[in-house]
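Architecture and fold: a report
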Amino acid sequence: MDSYDDAGGITPGPGDSSERVAEPAGGTGAGAPRAGIAGLSLPYQVVAAVALAVVGVFACVHLAMVFLHVAPSNTLTKQHGEAVDDWVYPEFEQNWKLFAPNPLQQNMSLQVRAEVVGADSRRRTSGWIDLTAYDLEGIRGNLVPSHSRQNELRRAWDFYLNSHTDDHRPNGMRGRLSEEYIRRIVMRRLDERALGGTVDKIQLRTVTRPVPAAVWSDEKIDTRPVTRGYPWWTVTAGDRPAADTTSLAQAGARTETAR
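Residues numbered from 1 in each chain as written. Predicted model: local features only at pLDDT ≥ 70, side-chain atom pairs only at ≥ 80, totals over all residues. Heavy atoms only, no water.

Re the packing of aromatic side chains
In the structure shown here, the tally under the stated rule is 5 aromatic pairs. Geometrically, the ring pair formed by Phe58 and Trp87 is tilted, given 5.6 Å between the ring centres and 45° between the ring planes. One end of the pair, Phe58, is in helix α1 (residues 42-70); the other, Trp87, is in helix α2 (residues 75-88), and 29 residues separate them in sequence. Given the relative accessible area of 26%, Trp87 is considered partly exposed. (Phe/Tyr/Trp six-rings, centres within 6.5 Å; stacked < 30°, edge-to-face > 60°. Helix = DSSP H or I, 4+ residues; strand = E, 2+ residues; numbered from the N terminus. Buried < 20%, exposed > 50% of the residue type's maximum accessible area, 1.4 Å probe, protein only.)

The structure is reproduced here in structure tokens:
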């Protein structure tokens, strides 16, 4: 039972097991601080809402562009393919397709030969060097192969082919950029070889070999290699590895001093 004290209050009796829960000091009234965007002033709420809307629109547009890029050819990609490519390349480039295409049925190797200027100023042309085979040597048997050895040369050549016409004409700035990119990669590969002089020009060619049919297949495939040559390119100072570029700059400085 409860008993009355002198002040007129009710004092819990010894047998009363009920407990009174204390109300939090801060209370839950209207004066409690609000969290998140709701706690900001109205101008800041407007700025935050606009920023979130912009991010949301950008994400939706980006997902749509990437989807069209990896999707099979359709009406939208035919009409707006250039806009899609401008959005995706080069920062968001994708090397896969939404629906897997037919697997590759041919092996392509990229080869190069160089016109070399010797110490006696005589010019000679080297034999063909298989750059693809050179990269494969560094991959086979390697548990942790280099990413550049696996993809750099192949992706650079795909970039070149996709940005040039069949008669080797570049399609705008991307075409010229692809030429510079492939030349620099090739020159790095050649810099690792002793060619007996300074490389002045290079020429590339591709050798394509169809993959033979499986032993259990009746399909007849012509496995003779197909070779396609490309024009000679003059090597510039920017195409050479950093060490060669530095030495050329130093040689130029010495020449100016001698003058």
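Still more to cover.
Brief notes about the side chain of Thr208
Tracing the backbone through its elements, the reader meets Thr208 in strand β6 (residues 198-210). When its relative accessible area of 16% is taken as the criterion, Thr208 is described as buried. The contact partners of Thr208, leaving out residues within four places of it in the chain, are Gln106, Asn107, Met108, Arg224, Pro225 and Val226. (Contact = heavy atoms within 4.5 Å.)

Overview of the pattern of salt bridges
If you walk through the whole model with that rule in mind, you get 9 salt bridges. For Glu152, the salt bridge goes to Arg188, with nearest N and O atoms at 2.7 Å. Of this pair, Glu152 sits in helix α4 (residues 147-162) while Arg188 is found in helix α5 (residues 172-191), placing the two residues 36 residues apart along the sequence. Residue classification places Glu152 among the buried positions, given a relative accessible area of 17%. (Salt bridge = Lys/Arg side-chain N within 4 Å of Asp/Glu carboxyl O.)

Describing the nonpolar core
Among the nonpolar cores identified, the biggest contains 22 residues, and Val112, Ile182, Val186, Leu190, Val199, Ile202 and Leu204 are the most heavily contacted of them. Considering each element in turn, this core owes the most residues, 5 residues, to α5. Look past the residues within four positions of Ile202 in its chain and what remains in contact with it is Val112, Arg113, Ala114, Arg183, Val186, Met187, Leu190, Pro231, Trp232, Trp233 and Val235. (Core = buried A, V, L, I, M, F, W, Y, C linked by side-chain atoms within 4.5 Å.)

Details of the packing of α4 against α5
Between α4 and α5, whose axes approach to 8 Å, the crossing angle comes to 145°. Regarding α4 and α5, the two cross each other, and that crossing is left-handed. The residues of α5 that touch α4, namely those facing Ser148, Glu152, Leu153, Ala156, Trp157, Phe159 and Tyr160, are Arg174, Leu177, Ser178, Glu179, Tyr181, Ile182, Ile185, Arg188 and Arg189. (Axes fitted to C-alpha atoms, helices over the stretch in contact; angles between N-to-C directions. Left-handed = near helix turned anticlockwise from the far one by under 90°.)

What to know about the layout of surface pockets
As a volume, the largest pocket reaches approximately 1,700 Å³. Along the wall of the largest pocket there are 49 residues; nearest its centre are Arg154, Arg155, Trp157, Asp158 and Phe159. Breaking the lining of the largest pocket down by element, the ones donating at least two residues are α2, β3 (106-117), α3 (131-139), α4, α5, β6 and β7 (226-234). Grouping the constituent residues of the lining of the largest pocket by class yields 19 nonpolar, 16 polar and 14 charged. Considered as a void within the structure, the second largest pocket measures approximately 200 Å³ in volume. Residue lining of the second largest pocket: Leu68, His69, Ala71, Pro72, Ser73, Thr77, Gly81, Val84, Asp85, Tyr89 and Lys97, and that is the complete set. Those elements that provide at least two residues to the lining of the second largest pocket are α1 and α2. The leading source of residues in the lining of the second largest pocket is α2, at 4 residues. Classifying every residue of the lining of the second largest pocket gives 5 nonpolar, 4 polar and 2 charged. (1 Å grid on protein atoms, 1.4 Å probe; cavity = no way out; pocket = protein on both sides within 12 Å on 5 of 7 lines; lining within 4 Å. Points joined across faces, edges and corners; volume = space filled by probe spheres on them. Nonpolar A, V, L, I, M, F, W, Y, C, P; charged D, E, K, R; others polar.)

Distances and angles like these do not, on their own, reveal function.
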